[in-house]
Number of protein chains: 2
Amino acid sequence: MQNLNANNITQAVLDSLASTSDPRLKEIMSSLVRHLHDFAREVNLTEAEWFKGIEFLTACGHMTDDKRQEFILLSDVLGLSMLTVALNNDKPAGCTEATVFGPFHVESAPEYALGDNIANGAKGVPCHVSGTVRGLSGEPVAGAVLDVWQSDDEGLYDVQHPGIDHAQARGVLRADATGRFHFRSILAVPYQVPHDGPVGQMLEATGRHPWRPAHLHFMIQAPGYETLITHVFRDRSAYLDSDVVFGVRESLVCDWTEQPDGSYAMAFDFVLNPLPSAPKGAGAA
Amino acid sequence: MQNLNANNITQAVLDSLASTSDPRLKEIMSSLVRHLHDFAREVNLTEAEWFKGIEFLTACGHMTDDKRQEFILLSDVLGLSMLTVALNNDKPAGCTEATVFGPFHVESAPEYALGDNIANGAKGVPCHVSGTVRGLSGEPVAGAVLDVWQSDDEGLYDVQHPGIDHAQARGVLRADATGRFHFRSILAVPYQVPHDGPVGQMLEATGRHPWRPAHLHFMIQAPGYETLITHVFRDRSAYLDSDVVFGVRESLVCDWTEQPDGSYAMAFDFVLNPLPSAPKGAGAA
């Protein structure tokens, strides 16, 4: 392969992948190369624009550390994250819908007992959260593990505060034997995704705002059920119709009710998708 | 925009770009989003695969510093760099062809006089390099600036040697009044692109070798001419037909001749593409 031009180079790169042993990797890489080349040809990418792209990716890489994930943020604001969620979460009607994971989940958040306050010092208006975890047939999912995380009244997650090195407004809880859960936290408010980096510059250059509507993140896991990664959004929040990461589902929006004492309460019932069960007998299909 | 699914999310992201003030940026971003989404839909990207991609880009970013550019390397081995070169260098017949820039150019390399040895301590078999720089009509390009760089006999550029902090086997020279140049250096040998990082893992997983055929890099600049970024390849080098970055052009391969004393000599005549000239008079088209 010599003298490749803008038309035949794509096939040469595809040919170079011929010895890929993993067929799925070969499929993904081949599709990636085709679409990447089609993009460059379609816009007639200049060398200066190519180099801007290199610089952009480099800046994203240098911004990323154990507390900041600029590539997930990039994927989020380009709609790739929500597209991937949509491609992989075609759940039966009645199941709680999924939405984006986002860049702010932390592994091994502290465990709390039902009724505890997970705010752990995070500032905000108190909010009581409760609900149930059930399966698609209405059965309670006893002991379902709920991993919950949210931002504070400044719109920042704990990991975004330089001075804070312990978990705030995030925690792991277990539903009781009837699938019920409840805990205390703070009221979620709309916030801006981190926009002091290259992704923020991209949003500005494309005339986009960096806001997300108010929400609380949930990841719910239980044996026999598909893991659910989702948010509960706050009704009447600003930006429900222009979420910068395209994550809002009407079915995930609920009323967060102000109480006489000024605190809030939010209740949401989750429905998990059962995993396909193993054949029950020798003759089962 | 709520309740987006795998089919309508692309239009929602495109709509979000509506306020982009720079029309070229809007064109590029819109094409990028369409192709990125088409790729994900075509392969039915799983969430685990998406996360592998995030991890891969993060690793590329963390590998990149002022001496190592993993994103350029990635672009090179995916053929994107050479495609961009091809899209932007449709020169008239007779002009020297362009090829990839590569990740090893260094700004402000030392200046040398014609006849100097640019090896500056780099190890290798001595090699004398000479030639001319002319324009498309055969006119000599007096004072053309030649920026030259190459690897040593281990196949490493100076910036890849941890112990070396000065320029070796790279330099800037000026052609004389007749467009001629000559300098001493070392013999180029085939080498492996850096493959101890994520791009190396990708090459291995796709069954590809990391080798490039022997070559010497040139960037040639002169007022009134298009800048030429190219290599001269060594005839009969291994990997001329399987260059990992797809950069070989037959017209850039020449004989590097062994001399009686064991040194080598290589001569190459470059032809630059004149820039379109300004209208010559008031009535000119």
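Residues numbered from 1 in each chain as written. Chains lettered and ligands numbered in written order. Predicted model: local features only at pLDDT ≥ 70, side-chain atom pairs only at ≥ 80, totals over all residues.

Undergrad: What am I meant to see in the interface of chain B and chain A here?
TA: Size of an interface: often given as the accessible area lost when the parts come together. Listed per partner, the contact involves 66 residues of chain B and 67 residues of chain A. Counting only elements with at least two residues in the side of chain B that touches chain A, the list comes to helix H1 (9-16), helix H2 (23-43), helix H3 (47-63), helix H4 (70-77) and helix H5 (80-88) of chain B. Per-element accounting of the side of chain B that touches chain A gives the leading share, 16 residues, to H2(B). (Contact = placed C-beta atoms within 7 Å. Helix = DSSP H or I, 4+ residues; strand = E, 2+ residues; numbered from the N terminus.)

Undergrad: Sorry, what's going on with the relation of the copies chain B and chain A here?
TA: The two chain copies are related to each other by a rotation about an axis together with a translation along it. Rotating chain B by 180° about the axis while translating it 0.0 Å along that axis superimposes it on chain A, leaving an RMSD of 0.0 Å. As the rotation angle and translation indicate, the two copies are arranged about a two-fold axis. Using C-alpha coordinates, one finds that chain B approaches the rotation axis most closely at B:Gly61, a distance of 1.8 Å. Looking at chain B, 100% of its interface residues are interface residues in chain A too, so the copies touch through the same face. (Least-squares fit on C-alpha atoms with pLDDT ≥ 70 in both.)

Undergrad: Honestly, the packing of H4(B) against helix H6 (residues 198-205) of chain B in this entry has me stumped. Any pointers?
TA: To characterise two packed helices, one gives the angle between the axes of the helices and the distance between these axes. Residues and elements named next belong to chain B. Following both chains from N to C, one finds H4 and H6 inclined at 25°, their axes separated by 9 Å at the closest point. Put simply, H4 runs roughly parallel to H6. Contact residues: H4 offers Glu 70, Leu 73, Leu 74 and Val 77, while H6 offers Pro 198, Val 199 and Leu 203. For the contact of H4 with H6, a count of residues per class yields six nonpolar, no polar and one charged. (Axes fitted to C-alpha atoms, helices over the stretch in contact; angles between N-to-C directions. Parallel < 35°, antiparallel > 145°, perpendicular 65-115°, else oblique. Nonpolar A, V, L, I, M, F, W, Y, C, P; charged D, E, K, R; others polar.)

Undergrad: Teacher, can you tell me more about the nonpolar core here?
TA: Note on soluble globular proteins: their nonpolar side chains tend to be buried together. Counting 150 residues, the largest nonpolar core has A:Met82, A:Ile220, A:Leu272, B:Met82, B:Ile220 and B:Leu272 as the members making the most contacts within it. Discounting residues that sit within four places of it in the chain, B:Ile220 has contacts with B:Val133, B:Ala144, B:Leu146, B:Leu228, B:Phe270 and B:Leu272. (Core = buried A, V, L, I, M, F, W, Y, C linked by C-beta atoms within 7 Å. Buried ≥ 20, exposed ≤ 12 C-beta atoms within 10 Å, placed from the backbone.)

Undergrad: How do you make sense of the pairing of strand E11 (residues 264-272) of chain B when you look at a structure like this?
TA: The side chains of a regular strand alternate, residue by residue, between the two faces of the sheet. Residue and element names in this part refer to chain B. For strand E1 (residues 126-135) and E11, the ladder comprises nine bridges, and the chain directions are parallel. Bridge pairing in E11 links Arg 134 to Val 271. A loop of five residues connects strand E10 (residues 256-258) with E11, the two strands running antiparallel in sequence, and Gly 262 in this loop sits at a positive phi of about 90°. (Pairing = 2+ DSSP bridges.)

Undergrad: Whenever I open this one, the sheet that holds strand E7 (residues 215-221) of chain A confuses me. Can you help?
TA: Hydrogen bonding along the main chain pairs the strands of a sheet, whether they run parallel or antiparallel. Residues and elements named next belong to chain A. The five strands lie next to each other as E3-E2-E7-E8-E9, forming an open sheet whose pairing is mixed. Across the chains shown, the open sheet's two edge strands, defined by having one partner strand only, are strand E3 (170-174) and strand E9 (253-254). Two elements, strand E8 (residues 228-234) and E9, share two bridges in a ladder whose sense is parallel. When the bridges of E9 are listed, Arg 234 appears paired with Cys 254.

Undergrad: Before we go on, may I ask you to explain the environment of A:Asn7 in this structure?
TA: Residue and element names in this part refer to chain A. On the secondary structure map, Asn 7 appears in the segment before helix H1 (9-16). For Asn 7, a count of 11 C-beta atoms within 10 Å translates into the label exposed. Considering only alpha carbons, one finds Asn 7 and Val 253, 246 residues apart in sequence, at a separation of 49 Å.

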